[in-house]
Every structure is written in C-alpha cells, then in structure tokens.
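# Observations on the model geometry
The residues making up each chain are set out below.
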Amino acid sequence: MTQALPSRSRLHRLTAPDAFWWSTGIEDTFITAPHPVTGRTLDEYELTGHYDRWHDDLGLVAELDVPCARYGVPWHHIQPAPNTWDWTFPDETLERLLDLGIDPQVDLVHYGLPAWIEGAFLHPDYPKLVSDYAARLAERFRGRITWYTPLNEPRITGWYCGRLGWWPPFRRSWPGFVALMLAIAKGMVETVKALESVDPEIVPYFVDATDLFDTDDPAFEDEARRRQDIVFLALDLVSGRIDESHSLWAWLLKNGAQEADLAYFQDNAVALPVIGMNLYPMFTQKKLLRDAGGRFRIRMPYAGADLITRLGRLYYERYGAPLMISETASMGSLRRRLDWLDASVAATRQLREEGIPLVGYTWWPMFALVTWAYRQGRRPVTEHLAQMGLWDIIPDETDPLRRVRTTGVDMYRRLVRAGAESVGMLSQVSSSAAAAI
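Predicted, not measured: the structure shown is a model, and the values here were computed from it.

### What to know about helix α2 (residues 50-63)
Between its first and last C-alpha, α2 extends only 17 Å over 14 residues, short of the 20 Å set by a 1.5 Å rise per residue. The largest bend along α2 measures about 45° and falls at D56. Directly after α2, the chain includes D65, whose backbone phi takes a positive value near 65°.

Encoded structure:
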C-alpha cells in the first residue's frame, strides 16, 4: 500500500501496523569551496550531470513507484549572493516530483553552504541565514510539501568542517568540532522554528549518520562509550537533553562550550517527530583497536544486518520516536548491493516484529555518486564513480554519464509495490518497552 507522507497533525499514521514508506534519493553533497591545491569543488548534481538531466532522473525515481523521495535543493544556486534569490531549480524539480505523485522529503542543507557566507557554519548570522532560506522555500510550497530535513548529517558535517578541517571553516581540533556542532545545531533549531511558523503542518525530519563503536581492548572502552555518545550529540542538543547529568556535559565544557550555549538548547528544545538513520555496511561499524605498532586506530569492517537491529534498538530506546532508514546501500558489485538489500530488509522486518516503529526505508543513492576524493584528486570524474545505486553510471562513446538500469530496479520496485508486506506488519510495543522509553 503506497500512501502520501502524513503531515504533522496526522503523524500517528506513521505507526499504523500496515503503514510503510519506501523512498530513494539522489546524492546531493555540495562543497562550494575550491580545494586549495586542485581548485576543485564537490557539487554532486554538477558532477553526475543532474542539473541537466533532472527531468529524466526524476522520471527514474517514478519508475520505482516510491511514494516519497529525499531530494536536496542547492542553496548555493538559490542564493548566489546575499540579496539575490533564484528559485528556478527547486521550482522545476520539486514541481516535477509533485506532478509525478511523489512527496518530496526536502534536504535543505547537505554539508555545504553558499560561498559568500564567510566562516561557513561559524558565521555569527548563520542560524538566521539558514532559517530565512528555509522559510522562503517552505512558503513557496506551503500546504504541498510538509517534510523537510533541516540539515543532513550534522555530526559528519561537524567532523569534516571542525575536526578534520577538510571543508569550511577548516577547523582541526575537538574544540573546533564542538564549536561547529553548537552552531549547526542552533541553525537546525532556528530552521525548525521558521518552518513551523510558515506551516505548523510541516514535519521536521531529523537525519543523521549513525555509527556503532565497539572495542575488544579494555583500555579503549571509555573512548568507545564517548564516541558512541557523540553519535547522538546533535539530536541530544536540538531536543534539549544536554544538562549537567548528561555524559558529555563535562567533555563539551572542556572543549570550549559555554554553559550559556547549552542553556540555549534547553530553553529552545524542539521535538523529534521522526528520525532518519543513515547507515552503510562498509562505513557504519567502527572498531577501536591497536595496530601492529601499538597505535590507536579506528577500523571499519564490513558489517552484517545486525547493524540495523542494534541501531534501531539504540535510537528507539533513547528517543522513543518513529524511525526511518534514510540512507542505505552497499558499494561494489551488483550482487553485493542486492545481498545488502535482502539482508537490510530482513533486519527491518525483525525490528518491526519487535514493535520498534521502523516505518520507512530509503535506498540511497538511486544511481552512482562521485566519491569525495574527487575534490582533492586529479583523475577525471568518471574514475571517481562509486557504484552504489539501482542504476549504474557507465560512460560510453556518446555519453560519459550514461544511466544504466540494473536488475536492482525491478527488485526494489517489487518491494515498494508490496508496501508493508515486504517488511511485515508493525507489532504493538510491549508495555515494558514503552515504560523503558
């Protein structure tokens, strides 16, 4: 059974036993800052040709029969200068999805910002700038689009911008990470307020990267627990959960947060009506260990489908909110991708049998993406393609970005057409589980 995404006043429909939302999406990382050595930026829509092919690409979305799709809008194109707005691209693309009967789950910020915002997320006016942009877009589609992701993967954004220093504003420390996370989370809170002021029926869809940190070394157990707590940092901030009793309170203050910063989130806490979990078998499992030289390392072994059941239980126990798998895929051969599809759908069924409201599944990306290494590399874009989709991108003599349909399209469409039958009915949450939440 396919059905429209419920608006805020109808969110109870998410947890109906026979309700389930299949989705897909197109990778939309936007890093507008040129790499200092190569001069390259990282705009996935440009690199995969989506700006020119959007009409046909969205037709591929419709071919899957999904009722909804995560879809990013390029803020840097919409607002290329402080007082300049160009709504052509979102007007055309979001209208196309609506015309196709597909509810957009709009991705407002996906890592990158317009280049004119000096200091990126640390610009003092960032929360106002992002919330204004969000409100303007929501006003254009008021009553027609109700699902918005304030910012995709806040923790990964904070990591690459504040800890690794790869993206603006290029901080390289734990205090840098904390500063970024506070600014990003404040922008998310202000965005939610702005969206709800435009339309109280809007549903903020909080999407973040998940990780599971494990170790067999007793010396790293405390670090594994801290890293796991940091996985939840963005959601804990925006929902006002961080006070003196929180496990990260002292760590945040040690790394530059002020008590007034944290008080803002307690005073302006927003609800988490639905949480999206981004998870990948090749990235999400983290193992803390010592290498041959005795040095601390974090490895990423390829994970099994228990990745999903463990994460689903963790998130539901912590937040008690409906969950969606907002991104998942495997990389490499089609066989490996389809094996992951089978295994991850089975894990979704298992959680629903336990009464954990996992109510949606997104295969992401729908077609191949360009790896982030492109920005600092020299090889052509066609040598940076990661085949993770239901369609591959395989160049030929006439088209360097040719979309090639795989059998994954038919397999996914069968799952979509069967609706909740593909993942089983949602069992009622037991009274003991409810009490624990």
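### Quick word on the sheet that holds strand β10 (residues 285-290)
The strands making up a sheet associate through backbone hydrogen bonding, with each pair oriented either parallel or antiparallel. Read from one edge of the open sheet, three strands run β8-β10-β11, paired in mixed fashion. Two strands in the sheet have a free side with no partner beyond their single neighbour: β8 (212-215) and β11 (296-299). Across the sheet, the axes of successive neighbouring strands diverge by a mean angle of 25°, strand direction being ignored. By the bridge criterion, four bridges tie β8 to β10 in an arrangement that is parallel. Bridging from a neighbouring strand, T215 pairs with L288 of β10. Against the sheet, helix α8 (residues 221-231) touches β8, β10 and β11, its axis set at about 175° to β8. In the packing of helix α12 (residues 306-319) onto the sheet, contacts are made with β8 and β10, and the angle to β8 comes to roughly 110°.

### Structural notes on the nonpolar core
In a soluble, globular protein the nonpolar side chains are often hidden away together inside. In terms of nonpolar packing, the biggest core is built from 137 residues, with W22, F121, Y148, Y315 and Y412 touching the most fellow members. Here this core gets 14 residues from one element, more than from any other, and that element is helix α7 (residues 174-198). Other than its neighbours up to four places away in sequence, F121 contacts V109, Y111, L113, Y126, L151, T157, C161, P168, L180, A183 and I184. Core analysis: the second largest hydrophobic core is formed by 13 residues, L14, C68, V274 and V359 among them.

### Structural notes on the packing of helix α6 (residues 154-163) against α7
Viewed as axis vectors pointing N to C, α6 and α7 meet at an angle of 140°, and their least axial separation amounts to 8 Å. Classified by the interaxial angle, the pair formed by α6 and α7 is oblique. The element α6 and its partner α7 pack so that their crossing is right-handed. Taking contact as the criterion, the partners of P154, R155, T157, G158, W159, C161, G162 and R163 in α6 are, on α7, W174, G176, F177, L180, M181, I184 and M188. Residue classes in the contact of α6 with α7 are distributed as nine nonpolar, four polar and two charged.

### Notes on the sheet that holds strand β6 (residues 147-149)
A sheet is described by the order of its strands in space; here eight strands give the open sequence β1-β13-β12-β9-β7-β6-β5-β4, paired in parallel fashion. Whereas interior strands pair on both sides, the edge strands pair on one side only; in this sheet they are β1 (21-24) and β4 (68-72). Pairwise comparison of adjacent strand axes, ignoring direction, gives a mean angle of 25° for this sheet. Bridge count between strand β12 (residues 323-328) and strand β13 (residues 358-363): three bridges; the pairing is parallel. For I325, the partnering residue across the bridge sits in β13 and is Y361. Its contacts with the sheet put helix α14 (residues 407-418) on β1 and β13, and the angle it makes with β1 is roughly 150°.

### Side note on the packing of α2 against helix α4 (residues 88-99)
At a minimum axis distance of 9 Å, the contact between α2 and α4 shows a crossing angle of 15°. Taken together, the axis directions place α2 and α4 in an arrangement best described as roughly parallel. Crossing of α2 against α4: the hand is right-handed. Listed contacts from α4 to H50, Y51, W54, H55, L58, G59 and V61 of α2 are F89, E92, T93, R96 and L97.

### With respect to the pattern of salt bridges
Following the criterion strictly, the structure yields 28 salt bridges and no others. Its salt-bridge partner being R155, residue D211 comes within 3.0 Å of it at the nearest N-O pair. With D211 in the loop between β7 (203-209) and β8 and R155 in helix α6, this pair connects stretches of sequence that are 56 residues apart. With respect to burial, D211 and R155 carry one shared label: buried. Residues joined in a network through salt bridges with shared partners are E63, R405, D410 and R413.

### So, helix α11 (residues 259-267)
If you check which residues of α11 are buried, you get L262, Y264 and F265. Viewed end-on, α11 has its buried residues packed into an arc of 145°, placing them on one side of the element. Set apart from the buried face of α11 by more than 90 degrees, the exposed residues are E259, A260 and D267. Of the surrounding secondary structure, the elements contacted by the buried residues of α11 are α7, α9 (233-238) and α10 (249-254).

So, how was this worked out
Residues numbered from 1 in each chain as written. Predicted model: local features only at pLDDT ≥ 70, side-chain atom pairs only at ≥ 80, totals over all residues. Heavy atoms only, no water. Helix = DSSP H or I, 4+ residues; strand = E, 2+ residues; numbered from the N terminus. Expected span 1.5 Å × (residues − 1). Bend = angle between axes of the 7 residues up to and from the residue. Pairing = 2+ DSSP bridges. Axes fitted to C-alpha atoms, helices over the stretch in contact; angles between N-to-C directions. Contact = heavy atoms within 4.5 Å. Core = buried A, V, L, I, M, F, W, Y, C linked by side-chain atoms within 4.5 Å. Buried < 20%, exposed > 50% of the residue type's maximum accessible area, 1.4 Å probe, protein only. Parallel < 35°, antiparallel > 145°, perpendicular 65-115°, else oblique. Left-handed = near helix turned anticlockwise from the far one by under 90°. Nonpolar A, V, L, I, M, F, W, Y, C, P; charged D, E, K, R; others polar. Salt bridge = Lys/Arg side-chain N within 4 Å of Asp/Glu carboxyl O. Arc of directions from axis to C-beta.

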